[in-house]
Amino acid sequence: MFTNKTIKASSLTDRLSLNVKIDFDFSFCGKIDLDLPNMLVPAESEKYVKDALSNPQIVGVVCLPELEDLVEKGLGIITSDNPRECLNDIQDHISTLKDFQWNDFKSKIDSSAVIHSTAWVAQENVIIGKNVKIGPNAVVCERSIIENDVKIGSGSIIGEDAF
């Protein structure tokens, strides 16, 4: 499950050539509207900078250099000419750090879940909530969390290289 460990942005500069303007600790890379603690998010426009400021879970942004002055004090800043690509590079790197974001566990499937006999669910690192229905030939890969009352259609693939 999630460890909620943090890493200092400046500790990644040698490996990733980041332009860290204001250093900060973060746990996850994600989209502005996610509800994960200590998030780093991309902000490619003034609108996204404002949106990032409204989410208390966000501790830092990767923004265009010309948007740096719009970021309020208290948030970390990394500047990049391509914030999304930069964020993806950071995520690719931190996902390789052993036990940084995730501790392995045996998959947990609620007893009310209905999983078709031809579906496949990874034996580790999956949580399946109440009243979930998983259709024929669906695949649920490791590091997937399926909330309550979700229906996964036949042939669907959940997880793996998703971001």
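Quick notes on the rules
- Residue numbers here run from 1 along each chain, matching the order of that chain's written sequence.
- With pLDDT at 70 or above as the cut-off, local features in this predicted model cover only qualifying residues; side-chain atom pairs require 80 or more to be listed or tallied, and sums for whole chains, interfaces and linings still use all residues.
- Here the side-chain values reflect all heavy atoms present in the structure, with hydrogen atoms and water set aside.
- Counting from the N terminus, the helices are the DSSP runs of H or I reaching at least four residues and the strands are the DSSP runs of E reaching at least two.
- Partly exposed residues are those whose accessible area sits between 20% and 50% of the maximum for their type, while under 20% is buried and over 50% is exposed, using a 1.4 Å probe and protein chains only.
- Contacts described as polar in this section are N or O atom pairs within 3.5 Å, which, within protein, must combine one atom able to donate a hydrogen with one able to accept it, while residues neighboring in sequence count only if both atoms come from side chains.
- In this analysis, two residues are considered to be in contact whenever any of their non-hydrogen atoms come within 4.5 Å of each other.
- Strands are labelled as partners when DSSP assigns at least two bridges between them.
- Call a crossover right-handed when, viewed with both strands pointing away from you, the route from the first strand across the helix to the second goes clockwise.
- Residues forming no salt bridge and having over 30% relative accessible area are the ones grouped into patches, like charges within 9 Å of each other and nonpolar side chains (Val, Leu, Ile, Met, Phe, Trp, Tyr) within 5 Å.
- To be clear on the numbers: accessible area is Shrake-Rupley with a 1.4 Å probe, and residue cover counts the displayed protein chains and nothing else.
- In the sections that follow, a salt bridge refers to a side-chain nitrogen of Lys or Arg positioned within 4 Å of a carboxyl oxygen of Asp or Glu.

Draft legend 1. Main features of the side chain of Ser-144. Looking at where Ser-144 falls in the secondary structure, it is placed in strand 14 (residues 144-146). On the basis of relative accessibility, which here comes to 3%, the residue Ser-144 falls in the buried class. One polar contact links the side chain of Ser-144 to the main-chain carbonyl oxygen of Cys-141, over a distance of 2.8 Å. Residues in contact with Ser-144, not counting those within four places in the same chain, are Asn-125, Val-126, Ile-127, Ile-158 and Gly-159.

Draft legend 2. The arrangement of the sheet that holds strand 15 (residues 151-152) in detail. Ordered in space as 9-12-15, the 3 strands form an open sheet in which the pairing is parallel. Here the strands that pair on one side only, and so sit at the sheet edges, are strand 9 (114-115) and strand 15.

Draft legend 3. A look at the pairing of strand 6 (residues 58-63). Strand 6 sits mainly inside the fold: 6 of its 6 residues count as buried. Crossover strand 5 (residues 39-43) to strand 6 through helix 2 (residues 46-53) is right-handed. Bridging between strand 6 and strand 7 (residues 76-79) involves 4 bridges; their strand directions are parallel. From the neighbouring strand, Gly-60 faces strand 7, where its bridge partner is Gly-76.

Draft legend 4. Layout of the side chain of Thr-79. Locating Thr-79 in the fold gives a position in strand 7. Accessibility expressed as a relative area gives 6% for Thr-79, which makes it buried. One polar contact links Thr-79 to Asn-19, side chain to side chain, over a distance of 2.8 Å. Those residues in contact with Thr-79 that lie beyond four places of it in its chain are Asn-19, Lys-21, Cys-63, Pro-65 and Glu-68.

Draft legend 5. Here's a closer look at unusual backbone geometry. For Ser-17, which is not glycine, the phi torsion reads 55 degrees and is therefore positive. If you trace the backbone, Ser-17 turns up in the loop between helix 1 (13-16) and strand 2 (19-22). With relative accessibility at 65%, the residue Ser-17 sits in the exposed group. With a phi close to 60 degrees, Arg-143 is a non-glycine residue in the positive phi region. Structurally, Arg-143 is set in the loop between strand 13 (139-140) and strand 14. Exposure remark for Arg-143: the relative accessible area of 44% places this residue in the partly exposed category.

Draft legend 6. Representation of the sheet that holds strand 14. The strand order across the open sheet formed by 3 strands is 8-11-14, and the pairing between neighbours is parallel. Each end of this open sheet is capped by a strand with a single partner; those strands are strand 8 (108-109) and strand 14. Taken together, the 3 bridges between strand 11 (residues 126-128) and strand 14 define a ladder with parallel strand orientation. Counterpart to Ile-127 in the pairing with strand 14 is Ile-145.

Draft legend 7. Just a nonpolar patch on the surface, in detail. Among the surface-exposed residues, Met-1, Phe-2 and Ile-145 lie close enough to one another that they form a single nonpolar patch of about 230 Å² accessible area. Looking at where Ile-145 falls in the secondary structure, it is placed in strand 14.

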